[in-house]
Amino acid sequence: MNWIRIASAGDLQDDEVLGLTVSGHRIALYRSAGEFFATDNRCTHAEALMSEGFLEDGCIECPLHQARFDIRTGRALCAPATQDLRTHAVRREGDDIYLADPAG
Ligand code: FES
């Protein structure tokens, strides 16, 4: 697996989310309770950026129609979204945050 350094741990506080483009893919990077997670940055319901949503208790709320997703699994938790978000593996080494290359 190819790992790409995408951020420093200090770039995000708990319950913050950052939008990034990695290998041409739009990625949302989340920090929750000191851990990092990543999903696709586009809502599965329509054209909204998850990085502009509201993150709390490990769930991201879409800014457009308020669907909620589990950031660990990508699971769609409520309407209007019915399709899960694609998740991406994240690894932390010291202060460096790495993402599994979404291009494969
Ligand atoms: S665009 Fe996200 S819930 Fe509609």
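What you see is a predicted model, and the numbers here were worked out from it, not measured in a lab.

Some thoughts on the nonpolar core
Here is step 1 of the chain: Grouped together as the largest cluster of nonpolar side chains are 16 residues, with contacts concentrated most on Y30, C43, M50, I60, F69 and I71.
Here is step 2 of the chain: Listed in part, the 12 residues of the second largest apolar core include I6, A7, F36 and L99.

A word on the packing of aromatic side chains
Here is step 1 of the chain: Taken as a whole and assessed by the stated rule, the structure comprises zero aromatic pairs.
Here is step 2 of the chain: The ring centre of W3 lies 4.7 Å from the NZ or CZ of R91, which sits over that ring.
Here is step 3 of the chain: The positively charged end of R91 is found above the aromatic ring belonging to Y98, 5.4 Å away from the centroid.

A closer look at the pattern of salt bridges
Here is step 1 of the chain: Applying the stated criterion to the full structure yields five salt bridges.
Here is step 2 of the chain: For R5, the salt bridge goes to D96, with nearest N and O atoms at 2.8 Å. Residue R5 is found in strand β1 (residues 3-8), and its partner D96 is found in strand β10 (residues 96-100); the two are separated by 91 residues along the sequence.
Here is step 3 of the chain: We classify R5 as partly exposed; its relative accessible area is 40%.
Here is step 4 of the chain: For R91, the salt bridge identified is with E93, shortest N-O distance 2.6 Å.
Here is step 5 of the chain: Several salt bridges converge on common partners, so that one network encompasses R26, R42 and E47.

A look at the sheet that holds strand β2 (residues 16-22)
The strands that make up a sheet are held in pairs by hydrogen bonds between backbone atoms, and each pair lies either parallel or antiparallel.
Here is step 1 of the chain: Across the sheet, four strands lie side by side as β2-β3-β4-β8; this open sheet has antiparallel pairing. Among the strands making up the open sheet, the edge pair consists of β2 and β8 (87-88).
Here is step 2 of the chain: Judged from the seven bridges that link them, β2 and strand β3 (residues 25-32) form a sheet pairing that is antiparallel. If you follow E16 over to β3, its bridge partner there is R31.

The rules we used
The written sequence of each chain sets the order in which its residues are numbered from 1. Reporting of local features is limited, given that this is a predicted model, to residues whose pLDDT is at least 70; pairs of side-chain atoms are given and counted only at 80 or more, and all residues count toward the totals for whole chains, interfaces and linings. In computing side-chain properties, one takes all heavy atoms of the structure into account and sets aside hydrogens as well as water. Here, nonpolar core means buried Ala, Val, Leu, Ile, Met, Phe, Trp, Tyr and Cys residues that are tied together by side-chain atoms lying within 4.5 Å of each other. Throughout, exposure labels follow a simple rule: accessible area from a 1.4 Å probe, protein chains only, divided by the maximum for the residue type, with under 20% read as buried, over 50% as exposed, and the rest as partly exposed. Only centres within 6.5 Å qualify two rings of Phe, Tyr or Trp (six-membered ring in Trp) as a pair; their planes then separate them into stacked at under 30 degrees, edge-to-face at over 60, and tilted for everything else. Criterion for a charge above a ring: Lys NZ or Arg CZ within 6 Å of the ring centre, and within 35 degrees of the ring normal. Any carboxyl oxygen of Asp or Glu within 4 Å of a side-chain nitrogen of Lys or Arg constitutes a salt bridge here. Secondary structure elements are defined from DSSP: runs of H or I of at least 4 residues count as helices, runs of E of at least 2 residues count as strands, and each element is numbered from the N terminus. Strands pair, by our definition, only if DSSP identifies at least two bridges between them.

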